[in-house]
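Examining the three-dimensional arrangement
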Amino acid sequence: MKVKKISSFMSGDISAISPKPKTIKSLLSNECSNEANLTRKSITKILSSTNSSTIPCSSTDISFDLGKSVEITSKILEARIESDKSKEAGKKIKNEIKVKQESPTSKLTKIVKRKSYYEVCQRQKIRLQHTIKEIFAESNHFLRSLGLCISGIELNPIELDECDFQLKIRPPTSEAADKLGPNVNNLLFYKDKHSISDVAYDDLKKMCHLEIPSIFKLKQRRTEINSMFQIYENEMGVYVSLKDKLLLRLQNYYDNNQDEFLGEERTLHIKLGADGTNIGRNLKLLNFTFTIINEGAKAKTANGNYTIGIFEIENENYEAITKCLKELIDEFRDIEHITLNDKQINLVFYFAADWKMLAQSLGLQSANSKYPCIWCKCCKDEFYDIEKEWSITDVNKGCRTHEEHIRTININTKELKFGYYREPIFQDIIPISRYIIDMLHLYLRISDNLLNSLIKDCCEADNFDMSAISKFEITQYVHLDTLQNTLRSKCNIRLMFQWVPETRKLNWRDLVGPEKNRLFENLRLEDVIPERKDLVLLQKIWDDFYSIIKLVRNNELNSDDLKQRTRDWITDYLKIYPRTSVTPYMHAFVSHLHEFVFLYQDINAFNCQGLEKLNDISTNQYFKGTNKRSSALRQMMDKRNRMEYLASITFNPNN
């Protein structure tokens, strides 16, 4: 019976009572469960303390003791209230126990009075560092719910205690995704670097149960970065806007080196580079890149060479290069300065490449022509003559000029004077003095000449007649065999000599840079040709050349000392070898290298070692990371754009 009916009954309002009052038996049934809302156990307990004779035997009995019924109903309601209270108290206790069991014990509760961090041993310091990291890791869960994260923590000795510690919260930026999600950026960078396919990455995550971002997130990030770069196409390949790429890279350099831009005027030096590389047997690519010389050591590496275009060529000649760079040259002419953060930055452009690429870019004839020098009008028959001085800037000492170049090629004559035969590809945008000699190729080509001369001397000592032999066995030739064994044992160089009957020539491979270093450092010529009369002078030529190269690499020579050393070297060289053996690289080594050092101090900043490494990477990217059924060059360009961008935001110390 409800409370309202009980109160009405006790006040004498008989009309409020139901004509058929509910009996205790009906309360025990399921019909009145909504009104009573009590358990059978509770009601049975109440009834056991009451005289059962007063209870009606059925729901049809309407004659019963009214007072006794009210008393029983009141006890039922009191029992209901007590039951509800006990249930709520029980639930509260259970919830408190459950929360206490689920919440991990904070690391702070485990810290007791202990020695100072600076007083404990190294092993304990490492343990304390792990404990401190775990403490702040707990706070990091709460901060992440607010869209924040801990990027760095600075702990000071207690002597430097302050009343209020500093709290710094950075505002969100446009690169928030790059800074809050470095895991995706890192994985995408190394996935591209090592040419890991999407399928391989997804299988690795699923089969090894790795807690790394899904391939879907990496694809999203990849698409997002690709959309940042507009890739154009011409008949030769793909390229990006030179100005847009420069802006992106220079902005990154500006953000990391703002102290260098405090003055009113600032100049950045940009080196352009181009080089062809063979991709397999049937494909040759041309990479066109730029480096920021101000970046220092990074500019000498593959990561410091930023790709502008990738082109497919059949031959590395003037016509192919002109078609590849046509649109870029048109854009290049309008770029003299650039604006970064409301500051005008002056740009100075250079071009560095191997001898063949420099000659093609300047519209000159090849290195075997009568006037092969890139910078002066010296005839090859006069390379040996060190009494004559040649210059890259002084007109009175035979330097080339753009005006003379254009005037000469416009004259209708069959004779190509001084090697001019085409208009320079970069026209007058880059002066002739900013076409820089590459120290890597200079070192490799001159060292090749010295090694070839040594092999020729060994053949002469062995009376090796190439036109008379029909079968070649190296053990029959003592000096050649000794040279091969010495290179293997002392220099760790495996050089095999092969006889080609069709051409009747002895062939061998070219040595790479590290092998050349071991050659000069470990080879003693007395072990190969001890009977040679001028052996001491020949060893001096080898040693002096390598010594000059090392001093230039370390930037330890001024221009005057370098000029004197190179002149002494060529003088000794001509005491053994004929005048006609002086090559264009030797001429540049003697006549022009000291000028480059005088003009630009550290000539190594312009070397092409990074571009050569990028050529090797191109081969890897083409065969491992592209789909040959679609545009492989576009895929390579997309990948390089991503890797350059991700490297700047992932490994940037300011991020």
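Worth saying up front: this structure is predicted, and the values here are computed from it rather than measured.

Time to look at the overall build of the protein chain. The helix and strand inventory of the protein chain stands at 23 helices and 10 strands. Within the protein chain, the fraction of its 655 residues that count as buried is 42%. Within the protein chain, counting contacts between residues at least 6 apart in sequence, those at least 24 apart form 64% of the total. In the structure as shown, the protein chain presents an accessible area of about 38400 Å², 50% of it carried by carbon and sulfur atoms.

Now for the packing of aromatic side chains. Geometry of an aromatic ring pair is reported as the spacing of the ring centres plus the angle between the planes. Summed over all chains, the structure comprises 32 aromatic pairs. Taking 4.6 Å as the distance between ring centres and 90° as the angle between the ring planes, the aromatic pair formed by Phe332 and Phe349 counts as edge-to-face. Of the two residues, Phe332 sits in helix α12 (residues 318-332) while Phe349 sits in strand β7 (residues 343-352), which places them 17 residues apart along the sequence. Judged on exposure class, the residue Phe332 and its partner Phe349 are both buried. Measuring from ring centre to ring centre gives 5.5 Å for Tyr350 and Tyr600, while their planes differ by 90°; the resulting arrangement is edge-to-face. Here Tyr350 is found in strand β7, whereas its partner Tyr600 is found in helix α21 (residues 593-600), with 250 residues between them in sequence. No difference in accessibility class separates Tyr350 from Tyr600, as the two residues are buried. Ring pairs connect the aromatic residues Tyr443, Phe520, Trp542, Phe545, Tyr546, Trp569, Tyr573, Tyr577 and Phe589, which therefore count as one cluster.

Under the criterion given, the structure shown has 25 salt bridges. The salt bridge partner of Glu389 is Lys397, with a shortest N-O separation of 3.2 Å. Taken together, the shared-partner salt bridges in this structure form one network comprising Lys540, Asp544, Asp572 and Lys575.

Before going further, it helps to examine the environment of Asn485. Along the chain, Asn485 turns up in helix α16 (residues 478-490). Classification of Asn485 by relative accessible area gives partly exposed; the value is 39%. Separated by 43 residues in sequence, Asn485 and Val528 place their C-alpha atoms 9.6 Å apart.

Looking now at the nonpolar core. Counting residues in hydrophobic clusters, the biggest one holds 130 residues, and the most contacted among them are Leu272, Phe288, Phe351, Trp375, Phe426, Trp569 and Phe589. Here this core takes 11 residues from helix α15 (residues 439-461), the largest share from any one element. Not counting the four nearest positions on each side in its chain, Phe288 is found in contact with Leu272, Gly273, Ala274, Tyr306, Thr307, Ile308, Gly309, Phe311, Leu325, Leu328, Phe351 and Phe426.

With that settled, consider the pairing of strand β4 (residues 283-292). Most of β4 sits out of view: 10 of its 10 residues are buried. Neither face of β4 is open: one carries Leu283, Leu285, Asn287, Thr289 and Thr291, the other Lys284, Leu286, Phe288, Phe290 and Ile292, and all of them are buried. The pairing of strand β3 (residues 266-279) with β4 spans 10 bridges and is antiparallel. Residue Ile270 lies in a different strand from β4, and its bridge partner there is Ile292. Pairing geometry for β4 and strand β5 (residues 306-313), over seven bridges, is antiparallel. Within β5, the position partnered with Lys284 by the bridge is Ile313.

Here the second largest pocket defines a volume of roughly 990 Å³. Leu440, His441, Leu444, Arg445 and Glu612 are the residues nearest the centre of the second largest pocket, which is lined by 38 residues in total. Those elements that provide at least two residues to the lining of the second largest pocket are β3, α13 (355-362), α15, α17 (513-522), α18 (535-553), α20 (584-591) and α22 (609-624). The element contributing the most residues to the lining of the second largest pocket is α15, with eight residues. Its residues assigned to classes, the lining of the second largest pocket comprises 12 nonpolar, 15 polar and 11 charged.

Now for the state of the cysteines. As enumerated under the stated definition, the model contains zero disulfides in all. Residue Cys373 stays outside any disulfide, its sulfur separated by 3.5 Å from that of Cys376, the closest cysteine.

Positive phi, close to 55°, is recorded for Gln427, a residue that is not glycine. Relative to the helices and strands, Gln427 resides in the loop between α14 (402-409) and β8 (435-436). One non-glycine residue, Asn463, adopts positive backbone phi at about 55°. Mapped onto the elements, Asn463 comes out in the loop between α15 and α16.

Under the 1.5 Å per step criterion, the end-to-end length of α18 is 27 Å for 19 residues, consistent within 8% with the ideal 27 Å. Taken as a whole, α18 has its buried residues at Leu535, Leu538, Gln539, Ile541, Trp542, Phe545, Tyr546, Ile548, Ile549, Leu551 and Val552. Close packing links the buried residues of α18 with α15, α17, α19 (559-574), α20 and α21. Directly beyond the C-terminal end of α18, a positive phi value near 55° is found at Asn555.

By the alternation rule, side chains of strand β2 (residues 237-240) split into Gly237 and Tyr239 and Val238 and Val240, which are all buried. Counted along the chain from strand β1 (residues 231-233) to the antiparallel partner β2, the turn is three residues long. Bridge analysis of β2 against β5 gives three bridges, and the strand direction is antiparallel. Paired with Gly237 across the bridge in β5 is Phe311.

So, on to the packing of α15 against α17. At a minimum axis separation of 11 Å, α15 and α17 run at an interaxial angle of 50°. The orientation of α15 with respect to α17, classified from their angle, is oblique. As α15 packs across α17, the resulting crossing turns out to be left-handed. Contacts between α15 and α17 pair Tyr443, Leu444, Ser447, Asp448, Leu450 and Leu451 from the former with Gly513, Lys516, Asn517, Leu519 and Phe520 from the latter. Taken together, the residues that form the contact of α15 with α17 break down as six nonpolar, three polar and two charged.

Definitions and limits used
- Residues numbered from 1 in each chain as written.
- Predicted model: local features only at pLDDT ≥ 70, side-chain atom pairs only at ≥ 80, totals over all residues.
- Heavy atoms only, no water.
- Helix = DSSP H or I, 4+ residues; strand = E, 2+ residues; numbered from the N terminus.
- Buried < 20%, exposed > 50% of the residue type's maximum accessible area, 1.4 Å probe, protein only.
- Contact = heavy atoms within 4.5 Å.
- Areas by Shrake-Rupley, 256 points an atom, 1.4 Å probe, with all protein chains shown as cover.
- Phe/Tyr/Trp six-rings, centres within 6.5 Å; stacked < 30°, edge-to-face > 60°.
- Salt bridge = Lys/Arg side-chain N within 4 Å of Asp/Glu carboxyl O.
- Core = buried A, V, L, I, M, F, W, Y, C linked by side-chain atoms within 4.5 Å.
- Pairing = 2+ DSSP bridges.
- 1 Å grid on protein atoms, 1.4 Å probe; cavity = no way out; pocket = protein on both sides within 12 Å on 5 of 7 lines; lining within 4 Å.
- Points joined across faces, edges and corners; volume = space filled by probe spheres on them.
- Nonpolar A, V, L, I, M, F, W, Y, C, P; charged D, E, K, R; others polar.
- Disulfide = S-S within 2.5 Å.
- Expected span 1.5 Å × (residues − 1).
- Axes fitted to C-alpha atoms, helices over the stretch in contact; angles between N-to-C directions.
- Parallel < 35°, antiparallel > 145°, perpendicular 65-115°, else oblique.
- Left-handed = near helix turned anticlockwise from the far one by under 90°.

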